[in-house]
Amino acid sequence: MNARWWLFALVGLNAAWVTDLFVLGHELDAPGGMLTAVGRLTGLYGALALVLQLVLISRLPWLESRLGLDRLTLWHRWTGFWVVWLVVAHVVFITLGYAAQDGSSVLGEVGTLVFHTDDVLLAAIAFVLLLVVGVTSARAARRRLRYESWHLVHLLAYLAVVLGFLHQVSIGQDFIGAPVGRLYWWSLYGLALGVVAVSRIGLPLVRNLRHRLRVESVVAESPDVVSVVITGRALGMLPARAGQFFLWRFLTRGHWWEAHPYSLSAMPDGRRLRITVKALGDGSAWLRHVRPGTRVLAEGPYGAFTARRRTRRKVLLIAGGVGVTPVRALLEEFVAGRRDDIALIYRASTSRDAVLADELRWLAAQCGARIFVVLGPSTAIGRFGPMMGPQHLAAMVPDIRHRDVYLCGPPGMADAVRSTLAELGVPDRQCHTERFAFAA
Ligand SMILES: Cc1cc2nc3c(=O)[nH]c(=O)nc-3n(C[C@H](O)[C@H](O)[C@H](O)COP(=O)(O)OP(=O)(O)OC[C@H]3O[C@@H](n4cnc5c(N)ncnc54)[C@H](O)[C@@H]3O)c2cc1C
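Here goes a summary of the coordinates provided. Worth saying up front: this structure is predicted, and the values here are computed from it rather than measured.

1. Remarks on the packing of helix 6 (residues 120-137) against helix 9 (residues 156-171)
Thinking step 1. Here helix 6 crosses helix 9 at 150°, and the two axes come no closer than 8 Å. Considering the angle they form, helix 6 stands roughly antiparallel to helix 9. Where helix 6 crosses over helix 9, the two elements pack in a sense that is left-handed. Between helix 6, through Val120, Leu122, Ala123, Ile125, Ala126, Leu129, Leu130 and Val133, and helix 9, the contact on the second element is made entirely by Leu156, Ala157, Leu159, Ala160, Leu163, Gly164, Leu166, His167 and Ile171.
Thinking step 2. Of the residues assigned to the contact of helix 6 with helix 9, the class counts are 15 nonpolar, 2 polar and no charged.

Structure below.
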């Protein structure tokens, strides 16, 4: 059973247990009984969905290396919508149910619940925090916020998890006087928070103390692209593979607080790591000025865009713009397996933007790989119709359907090429994509 099915099975089992917990001892005939019951059930499911969100974003290496951080982030985002709606439903139905039970007005019931019922104030704070996180994660709000500001607000969700939990175990009717239910709930939350603490704090701390990364050199690849070479101790023990990325934090004044994802642009050789970065905004543009010797903290390796995903002997690598970075590292790994049949398409606007092209040509020559550099604006039409359209891809690589396709580029390009691959009949399981953007 693969990681996806393990995860689905685990969620299904927990949903069943939660439903079972709830079914025990509910009086639907009492005034407001039905409303309260719906309120409790939505509350339990909302809490369960929140736990799932924690696990999805925990960056647990076992899960992450199989499913990829981009997919986990996307699922985390979808689950987030369910959390918000389930918790809103919980608040609305519970309030209406208790108001009917007490024969009071809805507003009066809100006052009684929040100010005169143990731990409901904590729950109310958790509710507001979740709403703030939900609203700032909506697409329109995300576009207006700096990534770092959004991320900071997003961290409030952890506080909401803890406050919500305290309220559940102190007044949740499904846990009071139900030792097995309480044990289950404590274990569930303990495990989820433990996984987050180990994967997001413990493991990066241990690795950074062990490897003590530093910038070795900075090389300009083009006017807006630089490569940064990083060294450290015992790098051979770092379980990084070609195609993966880290979240990099350069410890300089003014930038230590931002961590950016950058892929390795060379296969890790146990002595050095290299990243190649295009200046897109403030965070990436200043890297040009980072000094050799600067301390670096790295979180990772992350990503499932590796040779481990491979299903075929024949491979097509497709890179769009700076998406060439993990493709360059993968090609280096494939060069080692000399019997592979490799083709590579590198899409860039101009030859100046086709950074690392010489390195690709040199590597391709080592293993007899065919390489196509496709230049021109995104709207360009060539002999075979639109550039990177179905006819164009099929003309360059006629046996494309029989290959694994590794595709990396900016989201727009990656999505367009992915549809073209589907049109050409390349099975989904043979397509491996890195989009250079997490779920927005
Ligand atoms: C898995 C992955 C691998 C990547 N590898 C490379 C690479 O090898 N080379 C390269 O040049 N670029 C790479 N990128 C893109 C790179 O991370 C962004 O261009 C960079 O973070 C932009 O930061 P900025 O402050 O310069 O720009 P901004 O103008 O602040 O942001 C530009 C875009 O990048 C996003 N972004 C900003 N900061 C982060 C962050 N910390 N985490 C996630 N997204 C962020 C923003 O949401 C926005 O969409 C990769 C992205 C991902 C998701």
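2. Observations regarding the nonpolar core
Thinking step 1. One finds Leu317, Leu331, Phe334 and Tyr346 to be the most contacted residues of the largest nonpolar core, which totals 29 residues.
Thinking step 2. Element by element, the count of residues in this core is highest for helix 12 (residues 324-336), at 7 residues.
Thinking step 3. With 28 residues, the next largest nonpolar core counts Leu48, Val83, Phe165 and Ala192 among its residues.

3. Focus: the packing of aromatic side chains
Thinking step 1. Taken as a whole and judged by the stated rule, the model has 13 aromatic pairs.
Thinking step 2. Here the aromatic rings of Phe8 and Trp75 are separated by 5.9 Å at their centres, their planes lie at 35°, and the arrangement is tilted. Taken together, the residues Phe8 in helix 1 (residues 3-23) and Trp75 in helix 4 (residues 69-102) connect sequence positions 67 residues apart.
Thinking step 3. Taking the relative accessible area as the measure of exposure, Phe8 reaches 38% and is therefore partly exposed.
Thinking step 4. Joined through ring pairs, the aromatic side chains of Trp17, Phe165, Tyr184, Trp185, Trp186 and Tyr189 make up one cluster.

4. A few points about the pattern of salt bridges
In a structure, side chains of opposite charge can pair up when their charged atoms sit close to one another.
Thinking step 1. Overall, the coordinates contain 16 salt bridges when judged by the stated rule.
Thinking step 2. Across the salt bridge formed by Arg271 and Asp269, the nearest N and O atoms sit 3.4 Å from each other.
Thinking step 3. You can call Asp269 partly exposed: its relative accessible area is 41%.
Thinking step 4. As a salt-bridge pair, Lys314 and Asp399 come within 2.8 Å of each other at their nearest N and O atoms. Separated by 85 residues along the polypeptide, Lys314 in strand 7 (residues 314-320) and Asp399 in the loop between helix 14 (390-396) and strand 12 (404-408) bring together distant segments of the chain.
Thinking step 5. Here Lys314 falls in the partly exposed class, since its relative accessible area comes to 25%.
Thinking step 6. Among the ionic contacts, a cluster of salt bridges with common partners joins Arg274, Arg328, Glu332 and Glu359.

5. Let's talk about unusual backbone geometry
Thinking step 1. Between Gly300 and Pro301 the backbone carries a cis peptide bond, its omega angle lying at 5°.
Thinking step 2. Its location among the elements puts Pro301 in strand 6 (residues 295-302).
Thinking step 3. Here the phi dihedral of Ala234 falls at roughly 50°; this positive angle occurs in a residue that is not glycine.
Thinking step 4. With respect to the helices and strands, the residue Ala234 is situated in the loop between strand 2 (225-231) and strand 3 (245-250).
Thinking step 5. Judged by relative accessible area, Ala234 falls into the partly exposed class, the value being 40%.

6. With respect to helix 2 (residues 33-56)
In an α-helix, one turn spans 3.6 residues; hence positions three or four apart end up facing the same way.
Thinking step 1. Look at helix 2: 35 Å from first C-alpha to last across 24 residues, which is about the 34 Å you get at 1.5 Å a residue.
Thinking step 2. Where burial is concerned, most of helix 2 is hidden: 17 out of the 24 residues are buried.

7. A few points about the site of the ligand
Thinking step 1. With respect to spatial proximity, 21 residues lie near the ligand, and among them Ala259, His260, Pro261, Lys278 and Ser284 are the closest.
Thinking step 2. Between a nitrogen atom of the ligand and a side-chain N or O atom of Tyr147, the distance comes to 3.4 Å.
Thinking step 3. Between Thr325 and the ligand, the recorded distance is 2.9 Å, taken from a side-chain N or O atom to an oxygen atom.
Thinking step 4. Its free accessible area being 880 Å², the ligand has 81% of it covered by the protein chains.
Thinking step 5. Of all the elements in the fold, those that place two or more residues in the shell around the ligand are strand 4 (260-263), strand 5 (272-278) and helix 11 (282-285).

8. Re the pairing of strand 7
Thinking step 1. Counting buried positions along strand 7 gives 6 out of 7 residues, so the element sits mostly inside the fold.
Thinking step 2. Bridge count for strand 7 against strand 8 (residues 341-348) is 7 bridges, and the pairing is parallel. Bridge pairing links Leu317 to Leu344 in strand 8.
Thinking step 3. Where strand 7 and strand 12 come together, 5 bridges link them in parallel fashion. Opposite Leu316, over in strand 12, you have Val405 as the bridge partner.

9. Remarks on the sheet that holds strand 9 (residues 370-375)
Thinking step 1. Judged by pairing direction, the sheet is parallel, and its 5 strands sit side by side in the order 9-8-7-12-13 without closing on themselves. Every other strand in the sheet has two partners, leaving strand 9 and strand 13 (431-434) as the edge strands with one partner each. Sheet twist, expressed as the average angle between the axes of neighbouring strands with direction ignored, equals 10°.
Thinking step 2. Both strand 8 and strand 9 contribute to a ladder of 6 bridges, which runs parallel. Opposite Tyr346, over in strand 9, you have Val373 as the bridge partner.
Thinking step 3. Here helix 13 (residues 357-367) sits on the sheet and contacts strand 8 and strand 9; the angle it forms with strand 9, its principal contact strand, is near 160°.

10. Examining the environment of Ala124
Thinking step 1. The topology assignment puts Ala124 in helix 6.
Thinking step 2. Remark: the alpha-carbon pair of Ala124 and Asp428, spanning 304 residues in sequence, is separated by 44 Å.

11. Section: the sheet that holds strand 6
Thinking step 1. Reading across from one edge, 4-3-6-1-2-5 is the order of the 6 strands in this open sheet, with antiparallel pairing throughout. The open sheet has two edge strands, strand 4 and strand 5, and neither has a second partner. Strand-to-strand, the axes of this sheet are offset by a mean angle of 40°, without reference to chain direction.
Thinking step 2. Relative to strand 6, helix 10 (residues 179-211) is tilted by about 125°, and along the sheet it contacts strand 1 (213-222) and strand 6.

Definitions and limits used
- Residue numbers restart at each chain and count upward from 1, following the sequence in its written direction.
- Per-residue local features of the predicted model are confined to residues with pLDDT of at least 70, and side-chain atom pairs are confined, for both listing and counting, to 80 or more; whole-chain, interface and lining totals are unaffected and use all residues.
- The basis for the side-chain values is all heavy atoms of the structure; hydrogens and waters are excluded.
- Orientation is described by lines fitted to C-alpha atoms, with helices fitted over the stretch in contact, and by angles between N-to-C directions that extend from 0 to 180 degrees.
- The secondary structure listing takes helices from DSSP runs of H or I that are at least 4 residues long and strands from runs of E that are at least 2 residues long, numbered from the N terminus.
- Note on angle classes: values under 35 degrees are labelled roughly parallel, values over 145 roughly antiparallel, values of 65 to 115 roughly perpendicular, and the remainder oblique.
- Take the far helix as the reference: if the near one is turned anticlockwise from it by less than a right angle, the crossing is left-handed, and if turned clockwise, right-handed.
- In what follows, a contact means two residues having at least one pair of non-hydrogen atoms within 4.5 Å.
- Classification used: nonpolar for Ala, Val, Leu, Ile, Met, Phe, Trp, Tyr, Cys and Pro, charged for Asp, Glu, Lys and Arg, polar for all others including Gly.
- By convention a nonpolar core is built from buried Ala, Val, Leu, Ile, Met, Phe, Trp, Tyr and Cys residues, the set being connected through side-chain atoms within 4.5 Å.
- A simple rule labels every residue: compare its accessible area, found with a 1.4 Å probe on the protein chains alone, to the largest value its type can have, and call it buried under 20%, exposed over 50%, or partly exposed in between.
- When the centres of two rings from Phe, Tyr and Trp lie within 6.5 Å, Trp using its six-membered ring, the rings pair. Their planes under 30 degrees apart give stacked, over 60 give edge-to-face, and anything left gives tilted.
- Should a side-chain nitrogen of Lys or Arg be within 4 Å of a carboxyl oxygen of Asp or Glu, the pair is scored as a salt bridge.
- In a helix, the anticipated span is given by 1.5 Å times the number of residues less one.
- In this text, near means that some heavy atom of the residue lies within 4 Å of the molecule or strand in question.
- Identification of polar contacts relies on pairs of N or O atoms within 3.5 Å, with a donor-acceptor requirement for protein atoms, meaning one able to donate a hydrogen and the other able to accept it, and with residues adjacent in sequence counted only if both atoms are side-chain atoms.
- Note that accessible areas follow from Shrake-Rupley with a 1.4 Å probe, and for residues the cover is restricted to the protein chains shown.
- Should DSSP find at least two bridges between two strands, the strands are regarded as paired.

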